[in-house]
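# Structural description and commentary
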Amino acid sequence: MKSGLNKMVLLCVLAAATTAAHAQTQSPTKRIEPPARFGAPGRGVGGTQPLTSESMSPILTRPNPSIQVQPRALNLDAALARLFASLKAVAATGDFELSVTNAGKVEITVLPLTLYSMEGRIRTELDLGNIPARIDSTGPFTAFRAAGINRIITLTLGALNLRLTQQLFPDAKGYITQSLPDEDIPALIRLEQRPLGKDPATGLEKLVVTFTYPNGDKREARLWQSAGDTPHPAQVQFDVGDTLITVRFKTLEMLGADAVARVTALFQVPSDYTKFSEVGSMLQIHSARQTKAFR
């Protein structure tokens, strides 16, 4: 898998894991970053790499340096929350598809997805159950399936007074919490749409949407939208390097007041879950528990 997928930050639904997670679980002393939902380059604190003599050397020695800034990681959950911002409360089901091109070979992973979006908050759940739990595999989510993790839930709480993301692992009864930067708060992301007309293959309206983040970064996506009095996303695609991320929605329900009260509980971490500082320690502890249970 390309280096852009080898080091990802949490901040996405769709909590997509990376091959780096598998590689690092083999070395207990290395830190594993929580999997990002959808494949984007990792970033250091504040979105930049630390300045060292090694990193500065190429800049100092070239007479006419061409400086390229690495794009920030894609937070898919925040992008989806922004797409659903005009709908007060929504429950949807569909598929998350990760298509990675590596050495000319395309590797495709498709996972069932459940989503709840409510006024700046979004909850996404990925079902890993259809992925073979092959320990020798190097594909996405390998480390989780090998450890017996079948579900990954991500809570993105993007209110201006509550900025955090939490990733829950029900099989391990554990979770991880990270702060949410301004760039990933849906209410602060500007969205522009450019209609492309009706897609003859699907009959849906197709658009190019541009997300503009508070720091000025921009990211484009292709959006297929249902027609009707209340248009809503039916499919969205992001290109991230050699990776294509596609989210397809099969069902979508507008939630009434009674359903909102019930769904609100889904945005809470269960009281019996253990908090972990990072994914590596959670996987190691859960794997040890699993091994002990089979003895």
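Right above here is the structure, for reference.
Attention here is on the structure that accompanies the text. (Residues numbered from 1 in each chain as written. Predicted model: local features only at pLDDT ≥ 70, side-chain atom pairs only at ≥ 80, totals over all residues. Heavy atoms only, no water.)

## Looking at the overall build of the chain
So the rule is basically this: Starting at the N terminus, helices and strands are each numbered in turn, a helix being any DSSP run of H or I of at least four residues and a strand any DSSP run of E of at least two. Only protein chains enter the accessibility calculation, which uses a 1.4 Å probe; a residue is then buried when its area is under 20% of its type maximum, exposed when over 50%, and partly exposed in between. We call two residues in contact whenever any of their non-hydrogen atoms come within 4.5 Å of each other. We get accessible surface area from the Shrake-Rupley algorithm with a probe of 1.4 Å; when it comes to residues, only the shown protein chains can shield them.
Counting secondary structure elements, the chain contains seven helices and 12 strands. Within the chain, the proportion of its 295 residues that are buried is 48%. By sequence separation, contacts in the chain at least 24 residues apart represent 58% of the contacts at least 6 residues apart. Counting only carbon and sulfur atoms, one obtains 51% of the accessible surface of the chain, whose full area is about 14700 Å².

## Describing the packing of aromatic side chains
Using the following cut-off: Here a Phe, Tyr or Trp ring, Trp counted by its six-membered ring, pairs with any other such ring whose centre lies within 6.5 Å, and the pair is stacked when the planes are under 30 degrees apart, edge-to-face when over 60, and tilted otherwise.
One pass over the structure, following the stated rule, counts three aromatic pairs. Judged by centre distance (5.3 Å) and plane angle (85°), the ring pair of phenylalanine 84 and phenylalanine 249 falls under edge-to-face. Residue phenylalanine 84 is found in the loop between helix H4 (76-83) and strand E1 (89-102), and its partner phenylalanine 249 is found in strand E11 (residues 243-254); the two are separated by 165 residues along the sequence. In this pair, the class of phenylalanine 84 matches that of phenylalanine 249, namely buried. Taken together, a centroid distance of 6.0 Å and an interplanar angle of 10° make the contact between phenylalanine 144 and phenylalanine 169 stacked. Taken together, the positions of phenylalanine 144 in helix H5 (residues 142-146) and phenylalanine 169 in strand E5 (residues 162-169) put the pair 25 residues apart, joining distant regions of the chain. A relative accessible area of 0% means that phenylalanine 169 is categorised as buried.

## Quick word on unusual backbone geometry
Of note in this structure, alanine 103 is not a glycine but carries a positive phi near 55°. Structurally, the position occupied by alanine 103 is in the loop between E1 and strand E2 (105-118).

## Quick look at the sheet that holds strand E6 (residues 174-179)
Short version of the rule: DSSP-based pairing: two strands are paired if at least 2 bridges between them are found. Angles shown run from 0 to 180 degrees and are taken between the N-to-C directions of axes, each axis being a line fitted to C-alpha atoms and, for helices, limited to the stretch in contact.
Taken in spatial order, the 12 strands line up as E7-E8-E9-E10-E11-E1-E2-E3-E4-E5-E6-E12 in an open sheet, and their pairing is mixed. Both edges of this open sheet fall to strand E7 (190-198) and strand E12 (274-275), since each of them pairs with a single strand only. Here E7 runs beside strand E8 (residues 205-212); their pairing, made up of eight bridges, is antiparallel. Within E8, the position partnered with glutamine 193 by the bridge is valine 209. Along the sheet, helix H6 (residues 257-264) contacts E1, E2 and strand E3 (121-127); its crossing angle with E2, the most-contacted strand, is approximately 115°.

## Here we look at the pattern of salt bridges
The test is simple: Only one rule defines a salt bridge in this text: a Lys or Arg side-chain nitrogen within 4 Å of an Asp or Glu carboxyl oxygen.
Tallied over the entire structure, the rule returns seven salt bridges. Of the charged contacts, one joins arginine 123 and glutamate 125 as a salt bridge, the two residues approaching to 3.4 Å between their closest N and O atoms. Since its relative accessible area comes to 8%, arginine 123 is described here as buried.

## Observations regarding the environment of glutamate 125
This is how the line gets drawn: Polar contacts, as counted here, are pairs of nitrogen or oxygen atoms within 3.5 Å of one another; within protein the pair requires one atom able to donate a hydrogen and one able to accept it, and residues that are adjacent in sequence qualify only if both atoms are side-chain atoms.
Inspection of the secondary structure assignment puts glutamate 125 in strand E3. Each C-alpha atom, one on glutamate 125 and one on leucine 155, is 9.0 Å from the other, the two residues being 30 residues apart in sequence. Of note is the side chain of glutamate 125, whose polar atom sits 2.7 Å from the side chain of arginine 151.

## Digging into the environment of isoleucine 176
For isoleucine 176, the location among the structural elements is in strand E6. Residue classification places isoleucine 176 among the buried residues on the basis of a relative accessible area of 0%. When the C-alpha atoms of isoleucine 176 and serine 277 are compared, they prove to be 6.1 Å apart, with 101 residues separating the residues in sequence.

## Some points on the nonpolar core
Operational definition: By convention a nonpolar core is built from buried Ala, Val, Leu, Ile, Met, Phe, Trp, Tyr and Cys residues, the set being connected through side-chain atoms within 4.5 Å.
Among the nonpolar cores identified, the biggest contains 48 residues, and Phe96, Phe144, Ile149, Phe169, Phe211, Phe238 and Met282 are the most heavily contacted of them. For this core, the element with the most residues is H4, which contributes six residues. In contact with isoleucine 149, other than residues within four places in its own chain, are Leu128, Phe144, Phe169, Asp171, Ala172, Met282, Leu283 and His286. Tyr116, Leu155, Leu157 and Tyr273 belong to the second-largest nonpolar core, a separate cluster that totals 15 residues.

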